[in-house]
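# Survey of secondary and tertiary structure
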Amino acid sequence: MAMEAQGGRMPFFYSPEGRLLQVDYALQAVNRGSTTIGLKTKDFAVLSSHVKPTRNLLEPAEKVFVVDEHVGATGSGYIGDVNSLVDEIRVQAQRHRLVYDIPIDVGSLARHLGQYLHNFTLYTVRPFGASLILAGIDPLGVQLLQIDPSGTTFRGNGFAIGAGSDEALEVLTKGYREDLRLQDAIALNTKAIESLNGGGTAIEHGVITRDTKKFVHQNNGKAPKPPASRTN
Amino acid sequence: MTTTIGITCSDGVVLAADKRASKGFFVGSKAVNKLFMLDEATAVAIAGQMSDAEYLVNLAKAERRLISLRRGYPLNVHESARLISNIVYNGMKSYNPFYVELVVAGVDAEGPHVYTADMSGAITSEPFMASGSGSPLAYGVMEQGFRQGLNLDAGKRLAEQAVRAAMERDPGSGNGVDVLAVANDAWREVA
């Protein structure tokens, strides 16, 4: 029986060591994902993600997302899980606009995502195999947060998740300065990702600055063009 | 109550509305804005219950933002009108109707468009349209003054003229005119 296979416990109970195995496995799924970085200063935040796999005839998957005008997200882990988490916070951002008539603050968005993820650690369901990094601007300034499958949220100036995240974080920690300029920050993120995956890898960047207060894709600047002509 | 109109022009689209909010036979407000932008290329003019109309506009804005984030390009004017009419239709069928009549106007890849959506969820599109209690009067002026290929400046003049004519004889409309123009190239900013 399944009970015996789990050592007499249901899979979402604690192990004798006090760990939630399903959550540990979800974190491992994140660590198998592509290298993904978030970096911020008081003037801007940059999200960068290694896009894989790339080959001819294949359009690279979108890895950096606009959540609302003033918030962006990127993630590592199962892409399907990342996509559905991004959609959850996009809807929450619009709900907040409907109720309060103002854009949501990044902390509330992260808290909502944390509560959403935490719910999946309590019952016989699979926790999301994805971590997200949010970057945005609100009345408290430039914000950068990481949210894990357990629902844990971290605030900070630099995060790295996915494969080789420890090494990437080391590069970030060495290269980080509070007065970093935007172009240097993008270069630092690129260096951190390329140090693991070699040069010439496809990296997608998203940027928000305190001047524009808008999160935009750095590579092509805008969302994909609509089809030339559409019929209703 | 209210008079709102939309006119398609050669180089864009014009919306106009009066500024009166009626509370029965009483003028509740003399400075109401009845024109709203959904984005840089699409706008709506509202008539009917103010609370319903404003809620509907906010809901449409939120839904449109989500759709364009998900699919990567914004809704054209027909899609926007249909989105609003579907919300209104659902309201009517669940015995919670939106007491509104809207003019949805904007520009997209195919050019300028004007639609009206009523509280039953029906949408219709014509080169120029009016809604609200003053609409029969406004239609009279526009039927006389509209011609195909009107430019935006002439369209603005005709729009203001039509609303002012309605304000003369419709007690539900008055206290000034708002005019809003969206040029054809506004679509390039959002697409």
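Quick look at the structure, then. (Residues numbered from 1 in each chain as written. Chains lettered and ligands numbered in written order. Predicted model: local features only at pLDDT ≥ 70, side-chain atom pairs only at ≥ 80, totals over all residues. Heavy atoms only, no water.)

Counting secondary structure elements, chain A contains six helices and 10 strands. Residue pairs at least 24 apart in sequence account for 64% of intrachain contacts in chain A once pairs closer than 6 positions are excluded. With the model as given, the accessible surface of chain A reaches about 12,100 Å², and the carbon-plus-sulfur share is 53%. (Helix = DSSP H or I, 4+ residues; strand = E, 2+ residues; numbered from the N terminus. Contact = heavy atoms within 4.5 Å. Areas by Shrake-Rupley, 256 points an atom, 1.4 Å probe, with all protein chains shown as cover.)

All names here are of chain B. Val44, Leu56, Ile84, Val100 and Val104 are the most contacted members of the largest nonpolar core, which totals 23 residues. For this core, the secondary structure elements donating two or more residues are β5 (35–39), β6 (42–48), α1 (50–71), α2 (77–93), β7 (100–108) and β8 (111–117). If one sorts the elements of this core by residue count, α2 sits on top with six residues. With residues near it in sequence (within four places) discarded, Val104 still touches Thr42, Ala43, Val44, Val77, Ala81, Ile84, His113, Val114 and Tyr115. (Core = buried A, V, L, I, M, F, W, Y, C linked by side-chain atoms within 4.5 Å. Buried < 20%, exposed > 50% of the residue type's maximum accessible area, 1.4 Å probe, protein only.)

Before going further, it helps to examine α1(B). Its 22 residues give α1(B) an end-to-end C-alpha distance of 31 Å, which sits within 8% of 32 Å, the value for a rise of 1.5 Å per residue. Within two residues after α1(B), B:Gly72 carries a phi angle of roughly 95°, on the positive side. (Expected span 1.5 Å × (residues − 1).)

With that settled, consider the packing of helix α3 (residues 79–100) of chain A against α1(B). Packed helices, taken two at a time, are described by the angle their axes make and the gap between the axes. Two numbers describe how α3(A) lies on α1(B): the axes approach to 9 Å, and their chain directions differ by 160°. On the basis of their axis angle, the class for α3(A) and α1(B) is roughly antiparallel. For the pair α3(A) and α1(B), the crossing hand works out as right-handed. Between α3(A) and α1(B), the residues in contact are A:Asp87, A:Arg90, A:Val91, A:Gln94, A:Arg97 and A:Leu98 and B:Asn58, B:Leu59, B:Ala62, B:Arg65, B:Leu66, B:Leu69 and B:Arg70, respectively. The class makeup of the residues in the contact of α3(A) with α1(B) is six nonpolar, two polar and five charged. (Axes fitted to C-alpha atoms, helices over the stretch in contact; angles between N-to-C directions. Parallel < 35°, antiparallel > 145°, perpendicular 65-115°, else oblique. Left-handed = near helix turned anticlockwise from the far one by under 90°. Nonpolar A, V, L, I, M, F, W, Y, C, P; charged D, E, K, R; others polar.)

The next point concerns the environment of A:Ala185. All names here are of chain A. Looking at the secondary structure, you find Ala185 in helix α6 (residues 182–197). You can call Ala185 buried: its relative accessible area is 0%. When the C-alpha positions of Ala185 and Phe44 are compared, they lie 9.4 Å apart, and in sequence the two are 141 residues distant. Apart from the residues lying within four places of it in its own chain, the contact partners of Ala185 are Leu39, Phe44, Val46 and Leu180.

A separate point is the sheet that holds strand β1 (residues 4–9) of chain B. Residues and elements named next belong to chain B. Pairing in this open sheet of four strands is antiparallel, and the strands run β10-β1-β2-β11 from one edge to the other. In this open sheet, the two edge strands, each paired with only one partner strand, are β10 (128–131) and β11 (177–183). The average angle at which neighbouring strand axes cross in this sheet is 10°, direction not considered. Of the strand pairs in this sheet, strand β2 (residues 12–18) and β11 are connected by seven bridges, and their pairing is antiparallel. Bridge pairing in β11 links Val13 to Val182. (Pairing = 2+ DSSP bridges.)

Quick look at the packing of aromatic side chains now. Residue and element names in this part refer to chain A. Scanning the entire structure with this criterion turns up six aromatic pairs over all chains. Seen from their ring centres, Phe120 and Phe128 are 4.9 Å apart, and the 80° between their planes marks the pair as edge-to-face. With relative accessibility at 22%, the residue Phe120 sits in the partly exposed group. In this structure Phe128 comes out as buried when scored by relative accessible area, which is 9%. Taken together, the ring pairs in this structure connect Tyr116, Phe120 and Phe128 into an aromatic cluster. (Phe/Tyr/Trp six-rings, centres within 6.5 Å; stacked < 30°, edge-to-face > 60°.)

This part covers the side chain of B:Thr2. All names here are of chain B. Within the secondary structure, Thr2 is located in the segment before β1. For Thr2, a relative accessible area of 5% corresponds to the buried category. A distance of 2.9 Å separates polar atoms of two side chains, one belonging to Thr2 and the other to Lys34. Excluding anything up to four places from it in sequence, Thr2 contacts Asp18, Arg20, Lys34, Ile46, Ala47, Ser131, Gly132, Ser133, Gly134, Asp170, Gly172 and Ser173. (Polar contact = N/O pair within 3.5 Å; in protein donor to acceptor, adjacent residues only side chain to side chain.)

A few words now on the sheet that holds strand β7 (residues 153–155) of chain A. All names here are of chain A. Strand order in the open sheet made by the five strands is β3-β4-β5-β6-β7, with antiparallel pairing throughout. Where the open sheet ends on each side, the last strands, each with one partner, are β3 (64–68) and β7. Geometrically, the sheet is characterised by an average inter-axis angle of 25° between neighbouring strands, direction not taken into account. Of the strands in this sheet, β3, β4 (71–77) and β5 (130–138) are in contact with α3, which crosses β3 at around 20°. Against the sheet, helix α4 (residues 106–119) contacts β3, β4, β5, β6 (141–147) and β7, and its axis sits at roughly 160° relative to β5.

Residues and elements named next belong to chain A. Of all the residues in helix α5 (residues 165–175), the buried ones are Ser165, Ala168, Val171 and Leu172. Axial view of α5: buried residues confined to an arc of 120°, hence all on one face. Of the exposed residues in α5, those oriented more than 90 degrees away from the buried face are Asp166, Thr173 and Lys174. The elements touched by buried residues of α5 are α2 (21–31), β1 (36–40), β8 (158–161) and α6. (Arc of directions from axis to C-beta.)

As a further point, take the pairing of β1(B). Most of β1(B) is tucked away: six of the six residues are buried. With burial as the criterion, each face of β1(B) is covered, one bearing B:Thr4, B:Gly6 and B:Thr8 and the other bearing B:Ile5, B:Ile7 and B:Cys9.

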